[in-house]
Amino acid sequence: MKEQLVVVGAGMASGRALEHLFESDPDRYEVTLINAEPRGNYNRLMLSPVLSGEKTYEEIVTHDDDWYGENHVTTLFGHAVTRIDRDRRIVVTKSGETAYDKLLLATGSAPFMLPLPGADLEGVMPYRDLDDVNRMLDAAEMNESKAVVIGGGLLGLEAAAGLRLRGMDVVVLHVMGHLMDRQLDASAAYLLQKDLERRDIKVHCKANTKAILGSNRVEAVLLEDGTVYPADIVVMAVGIRPETRIARDAGIEIGRGIIVDDAMRTSDPHILSIGECVEHQGMVYGLVAPLYDQAKVVAKTLLDEEAAFKPVELSTKLKVTGVDLFSAGDFAEGDDREDIVFRDPGRGVYKRLVLKDNRIIGAVMYGDTADGAWFLSNIKDGTDVSGMRDTLIFGPAFAGGAQMDPMAAVAALPDEAEICGCNGVCKGKIVEAITAGGLTTLDQVKAVTKASTSCGTCTGLVEQVLAVTLGDDFVMPTVKPICPCSDLTHEDVRRLIKARELKSMPAVMQELGWKTSCGCHVCRPALNFYLLADWPLEYGDDSQSRFINERAHANIQKDGTFSVVPRMWGGVTNPRELRAIADAAEKYDVPMVKMTGGQRVDLLGVKKEDLPAMWADLNAAGLVSGHAYSKGLRTVKTCVGTDFCRFGTQDSTGLGIKLEKRLWGSWSPHKIKLAVSGCPRNCAEATCKDIGIVCVDSGYQIGVGGAAGMDLKEVEPLASVPSEQEAIDITVAFVQLYRENAKYLDRAYKWIAKVGLEWVKEQVVDDLGNRAALVARFDLSQSVYQVDPWAERASTAAHPEFTPLADFSMPEAAQ
Amino acid sequence: MQARILDTVETAQSFIQATEIWVPDAAGTRLVRSDGLYGLHGAFGSDSSGHSFAMGQGLPGRVWAEGRPIILNDVQDGTFVRADSAERAGLTAAAAVPVYAGNLIKGVLVMLCGDPDFGVGAIEVWHSNNAPGSVMELDGGFYGSAKQFCEVSERTAFKRGQGLPGGVWASKTPMLMRDLGRGYGFVRAESAGAAGLTTGLGIPVPAPGGSSYVLTLLSACATPIARRYELWDVVPGRGGQKAIGALVDGLCDIDGPLWGTERRIQPWQGPVGRAMATGVPVAEVPSGTHRYEGMVALPVHAHGEVTHVVAWFF
Ligand SMILES: Cc1cc2nc3c(=O)[nH]c(=O)nc-3n(C[C@H](O)[C@H](O)[C@H](O)COP(=O)(O)OP(=O)(O)OC[C@H]3O[C@@H](n4cnc5c(N)ncnc54)[C@H](O)[C@@H]3O)c2cc1C
Ligand code: SF4
Ligand code: SF4
């Protein structure tokens, strides 16, 4: 009599195993195939095209009744095995017992459902089998129906695209910072998100789901941040867990999965296992390629032949029509690795290879994945690529092909894109002037179009439009790019961030053709500032792009300790604050307490790990960070003014306090120091500050662009105004103009020298509408950024930033 | 082993009764006929052979001038230069689709249909001006006897990513839908099911200017638009290497689904390879088989290169 082989689970792995078995020896076993799903083997990978309507279920069936018949396979579909009796060698289903000589467990995995309140409501479903697909399709037949997909990985995104194609409104919630974070880096994920958003799929990253709402059926999804998304169905695609229940109950050895040896044998010699349910050498698998290898091995084991399963490098693709991505290997950042990056913004292409010891260890590609297989085989083989490094990124086809055109970013701008913001000149107008008027130089374009005649920050862009339009006839003056990652200047980048509405770091780097995958220590802080200044609501500050002082919210000193400076509004303090400062100085053994030039108390020599506790103590006394470390408002120094001085003409202390309360917390291109003096005797030394106000009998004289550092400069007069309110408005508008236009790390005086004081006056003094708009934009930004970093961080004492072994790779002199 | 999706209907009459390709002449000033498949309408074919169209002239010339696909529901409306000959042949409607590489016209595909009361199927052109928040709306369509489906389509708009038109629009990629009777736009799906329309081919039609166009061919079993569909992805050649076409999806009334096994094609290899290499649409009688009366290979361009070729056999 033939030996009895019982196979539990008719999935991708068992289908393959049976094929191999029958090919080698069709007569050895009599096979019974038991499946919990009420159907036989089908290609689970292709469920997404069935969902989207691009395949039918019939097309993805891999083994049909004819095949089972030809191979004499007895099938029991729609029957779950509920128990294994190892002593009697039988499995139990609802229809009875089936005896085995050999048992093959291929039960796959079960979708993981987040244990959220409401997760058991009707309409909440996983995405694993055909029944799930049919449930989604039923929902899609309702008019105007809405789906929320929890999980922005491979499965979730395929579900989202399919549901969208079937007409549903779809929101994807992803807990991490970017989509498919296990397979893609931020740059590739940016392009993917853009692609999905082009399908009107809403993507919400960093989304923490709090609850699923509804009475009987799901009605909405609630996030921790209070956002509510209405939903007729919720698809949960947050991960899978090996389906090991029957094996565990039977006492077979289990880890994360059913533990197997190289020959796919479990701890019971009569029982074998393959597929997503197994754990091999500590690994479990969720992609089909290794499972096919396991199927091959188990077929041999069943025929008493030697075989061993060896894991191989895996690659990922996403089955969404029109989305072209590829990812393989390891692409985490590390000091021992180097990147080769290629971007083509016009075509939406991004490619990155990660090299270690002259070998490719990782590859991420978006928009052009033709060479994916070749890179994967190089990763698998560990090929030494030093000989072809320069052309490697272009794949095997490369034979001297074209380099990326550095003008691509400008060439890609549409005609309506505004090039010169001051005078409202768009690209089309400049191109027209060049072609119609036969213009060849910047000055001619300036004269004809008025572009670049005001603040001049768009000069570089106008030159590039000239270059793009004239080709070789234009000789580009040499310019200084932002850093080696890009050919664009700071001014170009700032202008393009606004013109192209680039709202994230990956967006800037992709659309402007960055040559690195994630920038460097020069461009990242600059981009971080430009983005938060231009898009305060949309952009989330990236603390990793900041210098150590700004990350630690304290000034690092030359011995590695920090200095702590509490804010004292206008330089005014009181006994209670002074007592708290004194207590903190004693409690934390502060070696030096010193007055600063800006009328503050400086506690020097604080150990990094003491910072959070010390801030908490100072916070408790009502003191907040003085931002003595930041590119932002430092101090407003005041004299005693009319309150106590007989020469005082106005309330200089009061104005100073008002200004400091209004301006603190905002980030700017460089530090900003202010002072207000109550009369021209100028005790607050206002005339050497970035902004200095001198009170006079008739009102307020506002000067800007002073400095008393390496350069010594007196302020230049910006305006004289009669009222305090006007003095405040002009000051705020000036700060915002500086924030919106200056190059990162240009102090105000340097920036004014570039754009001209006259232009600044026009913007903030003469043009009242513009002044009001600047003030409004500043206030909007403050609604996000005027927060005390001490309070935020004191509460998280275990913040990783404050563990003693911090990274001091970006130190910066305290100024 | 794999199920058949398209019914084998050897005898069924085609929904599209004549197909022709018009291409720019050497001087680039007129469109001349490069291919023509006329089936039962040989006389119309011979009448057409002497014609050529300047920009703006006749249906092909109008497509060229306006830079967009056009559907004429009544070829007697004045645009169609060969109206008399068409009338004699019983051809009543025409769809003309330009193939552009950027701003450069590579050719115009013209498809002619017969009696509007005979046969179920649909040739549609969908359009969006791509303004923020815009949708795809029907620009023109020929539906044969599927009158109710026509009315519903006129009232349906597709958002980005939704349904066959919206999906092709958003992905800029051809798609072959199997099952038009479920989901998307609900009412339209329902009436597609009612009309017996099952298979839908959607093709992006790049055109100069800011608008997006999508051509859809919706097919019913009894009067199929095609009996075999092939969707080829093209990896453009670069660095001196040849382009490669890969069959990514397809359906055939005899071979069943065409996506399971890997099939590749070289430039110039067969009509699909020719469309890939030249960027010009092809219509011809396939050689080496008697299964089909004709086939069309339509290239889709993006960024100055052929990125897809869509072929259908009838
Ligand atoms: C929508 C989707 C898309 C995917 N896309 C890809 C992709 O692009 N690439 C890729 O590599 N992988 C992909 N995967 C993953 C891939 O499908 C799985 O890795 C693969 O199916 C696992 O095969 P398996 O045989 O281990 O399990 P399965 O295919 O899940 O089969 C297990 C079967 O066992 C049955 N079963 C479980 N318990 C019992 C029991 N007690 N009694 C009887 N029967 C039982 C189940 O009902 C199931 O039918 C995708 C998965 C899904 C759901
Ligand atoms: S600046 Fe004038 S008002 Fe202020 S303290 Fe000095 S003298 Fe007095
Ligand atoms: S930077 Fe120079 S001036 Fe400033 S604190 Fe240090 S030593 Fe003194």
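(A) Region of interest: the pairing of strand β34 (residues 691–696) of chain A. Residue and element names in this part refer to chain A. Counted residue by residue, β34 has six buried out of six residues, so it is predominantly covered. Here β34 shows a buried face lined by I691, I693 and C695 and a second buried face lined by G692, V694 and V696. Strand direction decides the pairing type here: strand β33 (residues 672–677) and β34, joined by four bridges, are parallel. Paired with A675 across the bridge in β34 is G692. Bridging between β34 and strand β35 (residues 699–704) involves six bridges; their strand directions are antiparallel. Of the residues in β35, the one forming a bridge with I691 is V704.

(B) Quick peek at the interface of chain A and chain B. Contacts between the two partners involve 39 residues from chain A, matched on the other side by 35 residues from chain B. Here chain A packs against chain B, burying approximately 3200 Å² in sum over the two surfaces, 51% of which is carbon and sulfur. In this structure, the connection of chain A to chain B is made through four salt bridges. Residue E59 of chain A is joined to R178 of chain B by a salt bridge in which the shortest nitrogen-to-oxygen separation is 2.7 Å. At the junction of chain A and chain B, the tally comes to 11 residue pairs in polar contact (both at pLDDT 80 or more). Where the side of chain A that touches chain B is concerned, the elements lending two or more residues are α3 (57–60), α5 (130–140) and α6 (154–165) of chain A. In terms of residue class, the side of chain A that touches chain B is built from 13 nonpolar, 10 polar and 16 charged.

(C) Local environment of the packing of helix α19 (residues 575–587) of chain A against helix α20 (residues 611–620) of chain A. All names here are of chain A. The contact between α19 and α20 brings their axes to 9 Å, and the two run at 160°. It follows that α19 is roughly antiparallel to α20 by the angle criterion. Our pair here, α19 against α20, has a crossing hand that is right-handed. Contact residues: A580, I581, A584 and K587 in α19; M614, D617 and L618 in α20. Across the contact of α19 with α20, the residue classes break down as five nonpolar, no polar and two charged.

(D) Inspection of the domain arrangement of chain A at higher detail. Here chain A is partitioned into domain 1 (3–109 + 242–302), domain 2 (124–238), domain 3 (490–546) and domain 4 (551–790). Relative placement of domain 2 of chain A and domain 4 of chain A: their C-alpha centres are 46 Å apart.

(E) Representation of the sheet that holds strand β6 (residues 96–99) of chain A within the structure. Residues and elements named next belong to chain A. Read from one edge of the open sheet, three strands run β4-β5-β6, paired in antiparallel fashion. Each end of this open sheet is capped by a strand with a single partner; those strands are β4 (83–85) and β6. Adjacent strand axes in the sheet meet at a mean angle of 25°, parallel and antiparallel pairs treated alike.

(F) Structural view of the domain arrangement of chain B. Residue and element names in this part refer to chain B. In terms of domain boundaries, chain B breaks down into domain 1 (1–118), domain 2 (119–225) and domain 3 (227–314). The straight-line distance from the C-alpha centre of domain 1 to that of domain 2 is 20 Å. Across the boundary between the two partners, domain 1 contributes 27 residues, which contact 28 residues of domain 2. Both faces combined, the contact of domain 1 with domain 2 buries some 2100 Å², and carbon together with sulfur accounts for 71% of it. Considering only the side of domain 1, the residues that lose the most area to domain 2 are F15, P69 and I71, jointly responsible for 29% of the buried surface there. The tally of links between domain 1 and domain 2 comes to one salt bridge. Of the charged contacts in the structure, one is a salt bridge between D139 and R68, with a shortest N-O distance of 3.0 Å. Top contributing element to the side of domain 1 that touches domain 2 by residue count: strand β5 (residues 93–101), with five residues. Counted by class, the side of domain 1 that touches domain 2 contains 16 nonpolar, eight polar and three charged residues.

(G) Looking closely at the environment of V288 of chain A. All names here are of chain A. Mapping V288 onto the fold places it in helix α9 (residues 288–302). You can call V288 buried: its relative accessible area is 16%. Along the chain, V288 and G275 lie 13 residues apart, while their C-alpha atoms are 8.1 Å from each other. Ignoring any residue separated from it by four or fewer positions in sequence, one finds V288 in contact with M12 and L45.

(H) Structural context of the site of ligand 2. Around ligand 2, the surrounding shell consists of C639, C645, F647, G648, G678, C679, R681, N682 and C683 of chain A. The residue makeup of the shell around ligand 2, split by class, is five nonpolar, three polar and one charged.

(I) Local environment of the side chain of T156 of chain B. Residues and elements named next belong to chain B. Relative to the elements of secondary structure, T156 occurs in the loop between α4 (147–155) and α5 (163–171). The exposure class assigned to T156 is buried, which follows from its relative accessible area of 11%. Of note is the side chain of T156, whose polar atom sits 2.7 Å from the backbone oxygen of V152.

(J) Spotlight on helix α12 (residues 427–437) of chain A. Those residues of α12 of chain A lying buried are K427, G428, I430, A433 and I434 of chain A. Directly beyond the C-terminal end of α12 of chain A, a positive phi value near 60° is found at G438 of chain A.

(K) Local environment of the pairing of strand β7 (residues 120–128) of chain B. Residues and elements named next belong to chain B. Most of β7 sits out of view: seven of its nine residues are buried. Bridging between β7 and strand β8 (residues 137–144) involves six bridges; their strand directions are antiparallel. The residue bridging V125 from the neighbouring strand is G140, located in β8. Here eight bridges tie β7 to strand β11 (residues 212–220), and the two strands are oriented antiparallel to one another. Among the inter-strand pairings, G121 is bridged to a residue of β11, identified as S219.

(L) Local environment of a nonpolar patch on the surface. Residue and element names in this part refer to chain A. On the surface, L537, L780 and V784 cluster together into a nonpolar patch covering about 240 Å² of accessible area. Checked against the element boundaries, L780 lands in helix α26 (residues 768–785). Judged by its relative accessible area of 38%, L780 is partly exposed.

(M) Up close: the confidence of the model for chain B. Residues and elements named next belong to chain B. Averaged over chain B, the pLDDT score is 89; the fraction of residues at 70 or greater is 93%. For the stretch residues 7–12, pLDDT sits under 50, and the model shows 10 contacts to residues farther than four places along the chain or on other chains. For this predicted complex, the interface confidence comes out at an ipTM of 0.91, alongside a pTM of 0.84.

(N) Layout of the side chain of R600 of chain A. All names here are of chain A. In this structure, R600 sits in the loop between β30 (592–595) and β31 (601–606). Here R600 falls in the buried class, since its relative accessible area comes to 2%. In this structure the side chain of R600 is engaged in a polar contact, spanning 3.4 Å, whose partner is the backbone oxygen of G598. In terms of polar contacts, R600 uses its side chain to reach the side chain of E660, at 2.9 Å. When near neighbours in sequence (up to four residues on either side) are disregarded, R600 contacts V565, P566, R567, M568, G570, G571, K594, M595, R634, T635, V636 and E660.

Analysis parameters
- Residues numbered from 1 in each chain as written.
- Chains lettered and ligands numbered in written order.
- Predicted model: local features only at pLDDT ≥ 70, side-chain atom pairs only at ≥ 80, totals over all residues.
- Heavy atoms only, no water.
- Buried < 20%, exposed > 50% of the residue type's maximum accessible area, 1.4 Å probe, protein only.
- Helix = DSSP H or I, 4+ residues; strand = E, 2+ residues; numbered from the N terminus.
- Pairing = 2+ DSSP bridges.
- Contact = heavy atoms within 4.5 Å.
- Buried area = accessible area lost by both parts, 1.4 Å probe.
- Salt bridge = Lys/Arg side-chain N within 4 Å of Asp/Glu carboxyl O.
- Polar contact = N/O pair within 3.5 Å; in protein donor to acceptor, adjacent residues only side chain to side chain.
- Nonpolar A, V, L, I, M, F, W, Y, C, P; charged D, E, K, R; others polar.
- Axes fitted to C-alpha atoms, helices over the stretch in contact; angles between N-to-C directions.
- Parallel < 35°, antiparallel > 145°, perpendicular 65-115°, else oblique.
- Left-handed = near helix turned anticlockwise from the far one by under 90°.
- Domains from an automatic or database assignment.
- Near = heavy atom within 4 Å.
- Patch = residues over 30% accessible without salt bridge, like charges linked within 9 Å, V, L, I, M, F, W, Y side chains within 5 Å.
- Areas by Shrake-Rupley, 256 points an atom, 1.4 Å probe, with all protein chains shown as cover.
- pLDDT = per-residue confidence, 0-100.

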